[in-house]
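Observations on the model geometry
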Amino acid sequence: METSSQLRLHKAKRARSRAAVLRNIRIEGGIPMRLLVAEDQPDLNDVICKTLEKNHYTVDSCLDGEEALLCLSMTEYDAAILDIMMPKKNGLDVLRAIRSKGMRTPVLLLTAKDSVSDRVSGLDAGADDYLTKPFSFDELLARIRVMLRRLGERTDSCYRIADLIVDCDARSVTRGGIPIQLSAKEFAILEYLACNKGIVLSRDKIEQHIWNYDYSGGSNVIDVYIRYLRKKIDDGFEQKLIHTVRGAGYVLKETP
């Protein structure tokens, strides 16, 4: 079981490792999918998170079941990876708890045990998939992609709003046929707006979906990125697509 000092050290290490994700880099990823990793082995936890971040996921992590349940109760995740043998509350108990609350977050269970009864217990508790340690990270990524496809949140890899095209697979954006270069975070925010086309998203909701708990940016960080996006997406075009709804947030749509 991790001591409080070990937990603080682990979180500090994770915060440093995420610093690179928060830089403005030329777009190679930035998919706005937020995952929770609950694994009590710090080294394995760290490697899983770094692998997911390299594949453009936003990641929160914890080392025990109680913290995992708290995170899942407070945050809307696209998927969660839960180790079964965690301290304080095991992965199956966490899974049963969220399912009892009606939460349908896709869950992948990790375990060192490889028996039919263990797999059945996990699936009966409401798991979407099951992976036995040691595992291939390529297989982990593939299983996550399958879970997210099952979720059905994205039915098309391209979003079209007027003459704006956001291609999620190619990680590219064009408007009126003109390529637009975006940083990873700019793309992530634009994609989140695009997949919620016509829906007003608050600043808090955008920030919570794109960033993780280790991030401590200013209160106007979303406003800053929206300004960047407007300059690249709307400047020079008569029809504006990014709109501010006073007191509510932002929306991507064809008409004001």
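Computed from a predicted model, the values in this text were never measured in an experiment. (Residues numbered from 1 in each chain as written. Predicted model: local features only at pLDDT ≥ 70, side-chain atom pairs only at ≥ 80, totals over all residues. Heavy atoms only, no water.)

**Observations concerning the nonpolar core**
Rule in force here: What is meant by a nonpolar core is a set of buried Ala, Val, Leu, Ile, Met, Phe, Trp, Tyr and Cys residues, joined one to another through side-chain atoms within 4.5 Å. Under the scheme applied here, a residue whose accessible area is under 20% of the maximum for its type counts as buried, over 50% as exposed, and between as partly exposed, the area being computed with a 1.4 Å probe on protein chains only. Per the convention used, a helix needs a DSSP run of H or I reaching at least four residues, while a strand needs a run of E reaching at least two, with both numbered from the N terminus.
By size, the foremost hydrophobic cluster in this structure holds 28 residues, and its most contacted members are Val 173, Ile 189, Leu 190, Ile 206 and Leu 252. For this core, the secondary structure elements donating two or more residues are β6 (158–161), β7 (164–167), α7 (184–195), α8 (203–210), α9 (221–233) and β11 (249–252). Ranked by the residues each element gives to this core, the list is headed by α7, at 7 residues. With 23 residues, the next largest nonpolar core counts Tyr 77, Ala 97, Met 103 and Val 107 among its residues.

**Overview of helix α4 (residues 91–100)**
The condition is simple: Polar contact is defined as a pair of N or O atoms within 3.5 Å, subject to the rule that within protein one atom must be able to donate a hydrogen and the other to accept it, and that residues adjacent in sequence are counted only when both atoms are side-chain atoms.
The buried fraction of α4 is high, at 7 of 10 residues. Looking at α4, one finds that the buried residues are Gly 91, Leu 92, Val 94, Leu 95, Ala 97, Ile 98 and Arg 99. Sitting at the amino-terminal end of α4 is Asn 90, which places a side-chain oxygen 3.0 Å from the backbone nitrogen of Leu 92. Following α4 by one or two positions, Gly 102 has its phi on the positive side, about 80 degrees.

**Structural notes on the sheet that holds β7**
Put simply, the test is: Criterion used throughout: strands pair if DSSP finds at least two bridges between them. To obtain each axis, a line is fitted to C-alpha atoms, and for helices this fit is confined to the stretch in contact; angles are then taken between N-to-C directions over 0 to 180 degrees. Contacts: residue pairs with any heavy atoms within 4.5 Å of one another.
Within the open sheet, the 4 strands sit side by side as β6-β7-β8-β9. Their pairing is antiparallel. Whereas interior strands pair on both sides, the edge strands pair on one side only; in this sheet they are β6 and β9 (178–180). Strand-to-strand twist of the sheet, defined as the mean angle between neighbouring strand axes without regard to direction, takes the value 20 degrees. Pairing of strand β8 (residues 172–175) with β9 involves 3 bridges; the strand directions are antiparallel. Residue pairing for β9: Arg 175 is matched across the bridge by Ile 178. Together, β6, β7 and β8 form the strand contacts of α7, whose direction differs from that of β7 by roughly 110 degrees.

**Regarding the pairing of β7**
A regular strand places its side chains so that they alternate between the two faces of the sheet. When β6 meets β7, the two strands line up antiparallel, connected through 4 bridges. Bridged to Tyr 159 within β7 is Val 166. Turn length for the β6-β7 hairpin, with the two strands adjacent in sequence and antiparallel, is 2 residues, and the turn residue Ala 162 shows positive phi of about 55 degrees. Note that β7 and β8 share 4 bridges and pair antiparallel. From the neighbouring strand, Ile 165 faces β8, where its bridge partner is Thr 174. With antiparallel pairing between neighbouring strands as the criterion, β7 and β8 make up a hairpin whose turn holds 4 residues, including Arg 171 at a positive phi of roughly 55 degrees.

**Observations regarding the pairing of β8**
Across the two faces of β8 the burial differs, with Val 173 and Arg 175 buried and Ser 172 and Thr 174 not buried at all. Hairpin geometry of β8 and β9 is characterised by an intervening segment of 2 residues between the two adjacent antiparallel strands and by a positive phi of about 60 degrees at Gly 176.

**Some remarks on the packing of α7 against α8**
Our working definition: An angle below 35 degrees is read as roughly parallel, one above 145 as roughly antiparallel, one from 65 to 115 as roughly perpendicular, and any other as oblique. With the far helix as reference, a near helix turned anticlockwise by less than a right angle produces a left-handed crossing, and one turned clockwise produces a right-handed crossing.
Direction vectors running N to C along α7 and α8 enclose 120 degrees, while the axes themselves pass 10 Å from each other. What the angle tells us is that α7 and α8 run oblique. Two packed elements cross with a definite hand, and for α7 against α8 that hand is right-handed. When α7 is examined against α8, the residues Lys 185, Ala 188, Ile 189, Tyr 192 and Leu 193 are found in contact with a partner set consisting of Lys 205, Ile 206, His 209 and Ile 210.

**Thoughts on the environment of Ala 170**
Assignment of secondary structure puts Ala 170 in the loop between β7 and β8. A relative accessible area of 49% means that Ala 170 is categorised as partly exposed. For the pair Ala 170 and Ser 157, spaced 13 residues apart in the sequence, the C-alpha separation amounts to 8.8 Å.

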